[in-house]
Amino acid sequence: MPDSLPQQPPPSSGSSSGRTDGSALLLSGARLTDGRTVDVRLGGGRIEAVGTAGSLSVHTARVDLAGYLLLPAPAEPHAHSDTALSADGDGPVSYDDQEVQRRTTEAALLHLGHGATALRSHVRIGDVQGLGALAAVLQARRALRGLAELTAVAMPRVLTGLAGAEELALLRDAVKMGASVVGGCPDLDPDPTGYVEAVLEIASEHGCPVDLHTDGDDPARLARFAAMAGGLRPGVTLGPCGGLGRLPPEVAARAAEQLAAAGVTVACLPQGGCSGVDRRGTAPVRVLRAAGVRVVAGSGALRDVSNPVGRGDPLEAAYLLASRYGLRPEDAYDTVSSSARAALGLPEVRVEAGFPAELLAVRGDRLAGALSLAYSRIVVHQGRVVARTNAVREFCGSAAAVALDLPRQGRGGGPS
């Protein structure tokens, strides 16, 4: 488990710059994906400078990243924190305010420990929980400030007809409370098209993004959704769209072209399902990307009734896209980092001066290896270390291990 609030390392000595800014942080000896080994100076929540290893010396806190690969931090584009970590409970999921807040906080810290410094969480409104679960998630968001950015998506069940009138009013109230994204499950409404129309109307009124659940197995319905969503700003995301992968290839390719033309993002869930859609399966990521669709990868359910397991690990999502669906490691990591941040409306991150200091250091020297064996990690949010995970692997009692000098975690510069 990562430390929830790791201590910054003590200030290093030997500076010749005279700089004594206590908010600054030096990441020294990090390896970048292009093979360079660099020092990175952070300050004011941004990357101030990137130079060759040993070139940036300051009177400030220092983190030795020798043996680590430094990456833009991932983001989690599709979580369900109100039901997370509830699989082991007896009976129905508890929506007690304190319980929801506790689960939300714990789940967010799990995501953070894996590297996700920003999360989008879908929260059910209506039914027995009303707006209580949303209020608890928003309270957890406030408590997490400075550690991670948590965004709530209000997710009503039904929005059309007499049954939907109350939840339509609740959805408007949810936006006023602080849900900054509107969403839901049009597939579950008797009138899916009417559901989407209602969501888009509210989103347009408040200038909110839209993030909807759909299986995507009905190409005509998906085409209608794309046509309705086209051009909406600040954007529309559909997911998990696992049904697209069950369609004939030519039908899926045509649907992908329609989604691309509408500027719709697809959030796939390679790690499993979620509480918003009953059927499982991963969207055809290569078909979507070939058509020009922005594809992001999320975790979905995290140990709840929809999925009794789950790690909330964006690098695992990227690993699965590379190993099972043939994406290059760089493209797979993009789905959980740059593309995921763009889908969440967050600024771009590069390991270059001037960009936000949202970073993940993973023990290893190449991205493919980091996705395979990413055990030790250091997470930076707003220019400060907010989580650490340290793992040590040793081969004990084996003459072969000693003779061959087999790798173990924790040895400086060794493999992950």
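Residues numbered from 1 in each chain as written. Predicted model: local features only at pLDDT ≥ 70, side-chain atom pairs only at ≥ 80, totals over all residues. Heavy atoms only, no water.

Per an unreviewed UniProt entry, the protein goes by Amidohydrolase family protein and derives from Streptomyces ureilyticus.

Trainee: Looking at this structure, I do not really get the overall build of the protein. What am I missing?
Mentor: Scanning the protein from terminus to terminus reveals 12 helices and 16 strands. The 416 residues of the protein split such that 55% are buried. Excluding contacts between residues fewer than 6 apart, the proportion of contacts in the protein whose partners are at least 24 apart in sequence is 74%. Accessible surface for the protein amounts to roughly 17000 Å². Of this, 50% is attributable to carbon and sulfur atoms. (Helix = DSSP H or I, 4+ residues; strand = E, 2+ residues; numbered from the N terminus. Buried < 20%, exposed > 50% of the residue type's maximum accessible area, 1.4 Å probe, protein only. Contact = heavy atoms within 4.5 Å. Areas by Shrake-Rupley, 256 points an atom, 1.4 Å probe, with all protein chains shown as cover.)

Trainee: What exactly am I supposed to notice about the nonpolar core here?
Mentor: General note: in soluble globular proteins, nonpolar side chains tend to be found buried as a group. One finds Leu134, Val210, Leu244, Leu259 and Leu288 to be the most contacted residues of the largest nonpolar core, which totals 79 residues. Of all the elements, helix H4 (residues 192-206) adds the most residues to this core, at seven residues. Residues contacting Leu244, with those up to four places away along its chain left out, are Asp215, Gly216, Asp217, Leu222, Ala252, Ala255, Leu259, Pro284 and Leu288. (Core = buried A, V, L, I, M, F, W, Y, C linked by side-chain atoms within 4.5 Å.)

Trainee: Before we go on, may I ask you to explain the state of the cysteines in this structure?
Mentor: One way to say it: the disulfide is the covalent bond shared by the sulfur atoms of two cysteines. Per the stated rule, a full pass over the model turns up zero disulfides. Considering cysteine sulfurs only, Cys274 is the nearest to Cys185, which forms no disulfide, with 7.5 Å between them. Residue class for Cys185 comes out buried when judged on its relative accessible area of 1%. With no disulfide of its own, Cys241 has Cys268 as its nearest cysteine by sulfur position, at a separation of 9.3 Å. For Cys241, a relative accessible area of 0% translates into the label buried. (Disulfide = S-S within 2.5 Å.)

Trainee: How do you make sense of the packing of helix H8 (residues 314-325) against helix H9 (residues 329-336) when you look at a structure like this?
Mentor: In a packed pair of helices, the relevant descriptors are the angle between the two axes and the axis-to-axis distance. It is the contact of H8 with H9, at a shortest axis distance of 8 Å, that shows an interaxial angle of 140°. Taken together, the axis directions place H8 and H9 in an arrangement best described as oblique. Taken as a pair, H8 and H9 cross one another with a handedness that is right-handed. Contact residues: H8 offers Pro314, Leu315, Ala317, Ala318, Leu321 and Ala322, while H9 offers Ala332, Tyr333, Thr335 and Val336. Of the residues belonging to the contact of H8 with H9, the class tally is nine nonpolar, one polar and no charged. (Axes fitted to C-alpha atoms, helices over the stretch in contact; angles between N-to-C directions. Parallel < 35°, antiparallel > 145°, perpendicular 65-115°, else oblique. Left-handed = near helix turned anticlockwise from the far one by under 90°. Nonpolar A, V, L, I, M, F, W, Y, C, P; charged D, E, K, R; others polar.)

Trainee: Honestly, helix H6 (residues 249-262) in this entry has me stumped. Any pointers?
Mentor: Given 3.6 residues per turn, any residue in an α-helix points the same way as the ones three and four places further on. Taking 1.5 Å of rise per residue, the 14 residues of H6 would be expected to cover 20 Å, and the 20 Å separating its terminal C-alpha atoms lies within 8% of that figure. Within the sequence span of H6, burial applies to Val251, Ala252, Ala255, Ala256, Leu259 and Ala262. Looking straight down H6, one finds that the buried residues subtend no more than 135° of arc, so they occupy a single side. Exposed and facing more than 90 degrees away from the buried side of H6 are Pro249, Glu250, Glu257 and Ala261. Looking at the buried side of H6, the elements it contacts are helix H5 (219-229), strand E11 (236-240), strand E12 (265-268) and helix H7 (285-291). At the exit of H6 stands Gly263, carrying a positive phi of roughly 75°. (Expected span 1.5 Å × (residues − 1). Arc of directions from axis to C-beta.)

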